[in-house]
Amino acid sequence: MQMDTLPRRWRAALHFPVLLVLCAACDSKTPAHTPEASTRQTAQALTLTRGLPGDLIADMQVGKRDFVEISPREIVPDKVSAPGGVVVDRSVSPGRAYVWDSGNSRILGIDLAACYAARQSNQRCTAALVFGQPSASDHGACNRDSSFQSWPQRPPSSASTLCGMPESTHTTLEDKSFANMLVDGQGNLYVPDMGNHRVLKFIQPWATDTVADEVWGQPDFASNLCNTGGSNTAPTASSLCFSSISGSGGGVRLDAQGNLWVADGGNNRVLRFPVDANGQISKTADLVLGQPNLTTGGDWSHDSAMNRMHAPQTIAFDPNGRLYVADLHNSRILVFQPPFTSGMAATATFGSFAQDQGPMSVELDPDGRGLWATNHYVWDTQIRLWSWTGTLLAEPPRLTQHGGGAIGFDAQKRMLLTSYVYGQDVERLTPQANGSYLKDLNFFTPPGSYNLTTARRLEHSAWVGVAVTQNQLFVSDGRLLFWNDPATLTQGEAPDGYVGASSATEIPSPGFGQLKADASGRVWATKTHEIRVYQAPLTTGASSLKTISSVNVLGGGSISFADDGEVYGLAPTPEGGYLWVAQPRLHRVFRIRGPLTASPVVDIILGQTSATGTQCNQGIVPAPNTGTPLVADLTMLCYPGALSLDRQGNLYVSDHFLEAEGNWRMLMFRQELFPSAPTAVLYAPAASKEFPRDSTPEFPHAHMTFEPAFDSSNRMVVGFNPYSGERFVQVYDDPTLVNPSNPRDPAYARPTSQLADFYGWAVGATFDAEDNLYVYDANRGRVMIYFTPFAAPATFNVTGAVGVSGSDMLDGNRLTRGPCPGTPFITAAGLGSTIHVTQPELGEARWNCDEPAFYFGDYLGQPMPLGTGTRTFTFTPPAGYQCVWYAAYGTRDNESFDVLGDACSVTVELSQDPGDLFLWYFVLPKSP
């Protein structure tokens, strides 16, 4: 059997472990003290659990290249996401720019001559160098792994990684960081690596490489926690703590003597790292400003004391050696007069800043006229030049959007600044003869916004949906996309089609939101001011069967979806005879009878006592997130969002909406509450059960739920708003259980388990007919697919034998293993009962229950001591099974081999030790 004839799931599963193992040793400059064990543990967690039924970890996804990526849209060399600073090496003209691309956890090196020429022909500027990622395309993870599968421990960093947006973020479109970088006179680059709480030095990267050569703030390249993250996280003379979304920043400068100064924003201080006579900069600071000593850190917010700081962003020195500190949250620039001593007070303030509009960056004017500073604004950024005497000299046009981080100047003294939010760009401001500045060039637009919209990468919309029917997977991200035959998808592949737009990359307005499929293969979709119904299977450009934008109310009146009547949640009954709809801003949920007929009518309204009632909790009780002790009763609603029907016909209402509005609870309404054909509108029936806002020691998080999904046994899976503190999707084996004397009893609303993947916004979820689960992680732009996550373990036993000719790798004992998924075939000596391994570092062997395959290999990243020469690998399949395909492959340095066969034995010739070796045996039941 050839590899290209295998099902797509088999081919993807085959290659997935190899890629991860090879990445474990991809940094050529990783020092000897890098904790390899930590790296191996992360790789093991990612390779050994995905792909098995019942393991509660996703097997496949659409929307991202692989499980480690979370940055918005598709990452390309000529677009950025939340850029936060630019600095220019002016040793050549017009210069080489470094852009802190925080949302993609990288730095882009831009040849300005090539960039300016490209813009003349309407092409975007393209990176010539990329720091922090292995490629400028489709790679943007913090430390190359933003999955946070190692939660609560962070994956390690390295000399080749950066972190501008941490893996813990729940808001990839808003999280960001600002870096005030530095290029010294020798062309060396100094970078505050914000998410890793360290400063890196890259020696002449245009002539050498993009791997860091020195690190400050951490004991090694692998460590990345604030203040090194030990049991005591107080600062030390050699630790740093940067912060991103709060606005705390980091900046670096060298003084005239060559000492390194660092604005340590998270510790509210500035440090000096001294240089010795040989030009080596110490890793231990000898002076601190903003704190009384090197081991304290406090919040001096809006404090008038001149010896205190709150979130200093960066620093600068004037020609006389005076130090200027951008003290962001105290809305001032502090001036320190040399000689400097620890804990000293500033002698003056500089410039003028309104309260809460403090300086994000400071930079010397290239003509020596004074100091440039940027103000912190919500929607744009003001740049001003102050003379050394404090006079305002220039105020160029504001940035397109809010900006921060380093200010760059090219060799012609043109100013370069970064803007984020809807700007997502580097803007050039050119000085004019009259002293003004003209904004005359953008680097990375059009189009605007984060990275690049493509068909195969999902938008990071807040309200999205997922549905499966007629062997098609439907995903909305503003667009409505579909994939055929979802059981055979490969990782991150492009959709097979789309509807509701003129192309796969057009984002319609308004966009598509929550999706549901009924038993007749119809796909129901909200579109803010209307609901559209499509008949699957879909083809590209298919038209809708029905569009609903308003509906009459039984007995008189009507409900419109216009203005505040926007619709977001929906739940059709399986036969399509009824449709439940949520209007969050009108605080109600209603049922439409006969939604597909010519005369649909609203006959039940939840949450309100009349058809005109539109107040949160009927105007009686403020929503719980206002801090009042009052709690809404079971007839009330406030910002209801997602809706779902379980397999028994019970309705679930998420009484909560974005970002954190509503009652922070979920309500269940039993099917018997709703008559099939009431003669008058039924108003505000009480819910049968509450999944409460009230926290308990056993379950401390409010039920700020999104869309629940139900498998064939009526098990419920539901994601939570991350503001609740819950980052894992919860599982309830029987959500209908209720205390008959107290339907609000929290003891009956506790989950029984949870999925193993770390989530941002698990907004949507659904099961298909085979009980495969699809969960939409909206703010990470991916739909996670779990193949039969709750499947019962297989009942057959597997017995086989593995041997290597001419080697004593194993002691000859038989490999046995109990029901899948169970424990591995092989365990370390003395730790398991299945087999004794003479060399436990050889790794693990497993029976793959999801695919009929046995695999044996070194998943821990350690070399397998096979040596050279001829080696024969054999496997005896379980009784009743036969080998149908075999593969062996490995790699070390420049040698690799890939052997395929259709038997249970293969012989390979090893000219050198193969390093990481993988053996795969695919088996099927014997033919009758």
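Being a predicted model, the structure only gives us computed values, none of them experimental. Numbers given to residues run from 1 along each chain, matching the order in which its sequence is written. Where totals are concerned, whole chains, interfaces and linings use all residues; where local detail is concerned, this predicted model gives features only for residues with pLDDT of at least 70, and gives and counts side-chain atom pairs only at 80 or more. Side-chain metrics rest on all non-hydrogen atoms present in the structure, leaving aside hydrogens and water.

Novice: Help me understand the overall build of the chain in this model?
Specialist: Here a strand is any run of E in DSSP of at least two residues, a helix any run of H or I of at least four, and the numbering for each starts at the N terminus. If you tally the helices and strands in the chain, you get three helices and 62 strands. Between buried and exposed lies partly exposed: a residue is buried under 20% and exposed over 50% of the maximum accessible area for its type, with that area taken using a 1.4 Å probe on protein chains only. Counting every position in the chain, which comprises 928 residues, the buried fraction comes to 59%. The long-range fraction of contacts in the chain, counting pairs at least 24 apart against all pairs at least 6 apart in sequence, stands at 57%. Contacts are residue-level and defined by heavy atoms, with any inter-residue pair within 4.5 Å sufficient.

Novice: Explain the sheet that holds strand β14 (residues 287-289) to me, please; I cannot follow it from the model alone.
Specialist: Adjacent strands of a sheet pair through backbone hydrogen bonds, lying either parallel or antiparallel. Strands are treated as partners if at least two bridges between them are detected by DSSP. As summarised here, the arrangement of the five strands in space is β6-β11-β12-β13-β14, forming an open sheet in which the pairing is mixed. In this open sheet, the two edge strands, each paired with only one partner strand, are β6 (179-180) and β14. In terms of strand pairing, strand β12 (residues 260-264) meets strand β13 (residues 269-273) through five bridges, oriented antiparallel. In the sheet register, D264 faces β13, and the bridge partner there is R269.

Novice: Please clarify how the nonpolar core should be interpreted in this entry.
Specialist: A general feature of soluble globular proteins is that nonpolar side chains tend to end up buried together. Each nonpolar core is a collection of buried residues, namely Ala, Val, Leu, Ile, Met, Phe, Trp, Tyr and Cys, held together in the definition by side-chain atoms within 4.5 Å. Counting 36 residues, the largest nonpolar core has M181 and L189 as its most contacted members. For this core, the secondary structure elements donating two or more residues are β3 (96-101), β5 (129-131), β7 (182-183), β8 (189-193), β9 (198-202), β10 (214-216), β12 and β13. Counting residues in hydrophobic clusters, the runner-up holds 26 residues, among them Y498, F657, Y774 and I785.

Novice: Is there a simple way to explain the pattern of salt bridges in this structure?
Specialist: By definition, a salt bridge exists where a carboxyl oxygen of Asp or Glu is found within 4 Å of a side-chain nitrogen of Lys or Arg. One pass over the structure, following the stated rule, counts 35 salt bridges. The partner of R154 in a salt bridge is E167, and the shortest N-O contact between them spans 2.7 Å. Of the two residues, R154 sits in the loop between β5 and β6 while E167 sits in the loop between β5 and β6, which places them 13 residues apart along the sequence. Via salt bridges that share partners, E74, D138, R456 and R457 belong to a single interconnected network.

Novice: It is not clear to me how empty space enclosed by the protein should be interpreted in this structure. Could you clarify?
Specialist: Leftover empty space is mapped by rolling, across the atoms, a probe with the size of a water molecule. In this analysis a 1.4 Å probe is tested at points of a 1 Å grid over the protein atoms alone, and where it fits but cannot get out there is a cavity; an open set with protein on both sides within 12 Å along at least five of seven lines is a pocket; lining residues have an atom within 4 Å of a point. Grid points are joined across faces, edges and corners, and a volume is the space filled by probe spheres set on the points. Going through the model one piece at a time under the given rule, you end up with four cavities of 30 Å³ or more. The computed volume of the largest cavity comes to approximately 50 Å³. Lining the largest cavity are G719, F720, P722, E726, R727, F728, V729, Y759, G760 and A762. Contributing elements (two or more residues each) for the lining of the largest cavity: β47 (716-720) and β48 (728-732). Its residues assigned to classes, the lining of the largest cavity shows six nonpolar, two polar and two charged. Residues are grouped as follows: Ala, Val, Leu, Ile, Met, Phe, Trp, Tyr, Cys and Pro are nonpolar; Asp, Glu, Lys and Arg are charged; all remaining types, including Gly, are polar.

Novice: Is there a simple way to explain unusual backbone geometry in this structure?
Specialist: The bulk of non-glycine residues show a negative phi, and the bulk of peptide bonds are trans. T445 connects to P446 through a cis peptide bond whose omega is 0°. Mapped onto the elements of the fold, P446 is located in the loop between β26 (437-442) and β27 (465-469). Even without being a glycine, T788 presents a positive backbone phi close to 40°. If you trace the backbone, T788 turns up in the loop between β52 (782-786) and β53 (798-800). Under the relative-accessibility criterion, T788 is labelled partly exposed at 25%.

Novice: Before we go on, may I ask you to explain the state of the cysteines in this structure?
Specialist: In protein structure, a disulfide is the covalent linkage between the sulfur atoms of two cysteines. A pair of cysteine sulfur atoms is labelled a disulfide when the two atoms are within 2.5 Å. Scanning all chains against the criterion turns up four disulfides. A sulfur-sulfur distance of 2.1 Å marks the disulfide that ties C226 to C241. Its S-S torsion of approximately -105° makes the covalent link between C226 and C241 left-handed. Of this pair, C226 sits in the loop between β10 and β11 (250-254) while C241 sits in the loop between β10 and β11, placing them 15 residues apart in sequence.

Novice: Can you walk me through the pairing of strand β20 (residues 370-375) in this structure?
Specialist: The two faces of the sheet receive side chains in turn, since in a regular strand these alternate between them. Counting buried positions over the six residues of β20 gives six, a clear majority of the element. Both strand β19 (residues 359-364) and β20 contribute to a ladder of five bridges, which runs antiparallel. In the sheet register, L364 faces β20, and the bridge partner there is L371. By the bridge criterion, five bridges tie β20 to strand β21 (residues 383-387) in an arrangement that is antiparallel. The partner of G370 across the bridge, within β21, is S387.

Novice: Help me understand the sheet that holds strand β1 (residues 60-62) in this model?
Specialist: Spatially, four strands are ordered β1-β52-β51-β50 in an open sheet, and the strand pairing comes out antiparallel. Each edge of the open sheet carries a strand with a single partner, namely β1 and β50 (762-767). Taken pair by pair, the neighbouring strands of this sheet meet at an average axis angle of 20°, ignoring direction. One ladder, built from five bridges, connects β50 with strand β51 (residues 773-777); its direction is antiparallel. Each bridged residue has a counterpart across the sheet, and for F767 the counterpart in β51 is L773. To obtain each axis, a line is fitted to C-alpha atoms, and for helices this fit is confined to the stretch in contact; angles are then taken between N-to-C directions over 0 to 180 degrees.

Novice: For this particular structure, what's the right way to read helix α3 (residues 112-120)?
Specialist: Along an α-helix, a turn takes 3.6 residues, which lines up residues three or four apart on a common side. Among the residues of α3, L112, C115, Y116, A118 and R119 are the ones counted as buried. Along the axis of α3, the buried positions cluster into a sector of 160°, meaning they face one direction only. Here a polar contact is recorded for every N or O atom pair within 3.5 Å, except that within protein the pair must consist of a potential hydrogen donor and a potential acceptor, and residues adjacent in sequence are included only if both atoms are side-chain atoms. Its side-chain oxygen at 3.0 Å from the backbone nitrogen of A113, D111 defines the N-terminal cap of α3. A positive phi of about 65° marks N122, the residue just after α3. By arc we mean the arc of the directions from the helix axis to the C-beta atoms, nothing more.

Novice: How should the confidence of the model for the chain be read in this particular structure?
Specialist: Regions with low pLDDT should not have their predicted coordinates read in detail. Per-residue confidence for the chain gives a mean pLDDT of 82, with 77% of residues at or over 70. Confidence of the prediction at every residue is given by pLDDT, a number between 0 and 100. Within the model, pLDDT remains below 50 along residues 1-48, and this stretch shows 89 contacts once partners closer than five positions in the same chain are excluded. Confidence drops under pLDDT 50 across residues 891-900; counting only partners more than four residues distant or on other chains, this segment forms 32 contacts.

Novice: Could you clarify how one ought to interpret the pairing of β21 in this entry?
Specialist: With five of five residues buried, β21 lies mostly within the body of the structure. In β21, alternate side chains face the same way, and those of I383, L385 and S387 on one face and R384 and W386 on the other are all buried. Relative to strand β22 (residues 392-394), β21 runs antiparallel, the two sharing two bridges. Bridging across to β22, W386 finds its partner in L392. Between β21 and β22, which pair antiparallel in sequence order, lie four residues; one of them, G390, sits at a positive phi of approximately 95°.

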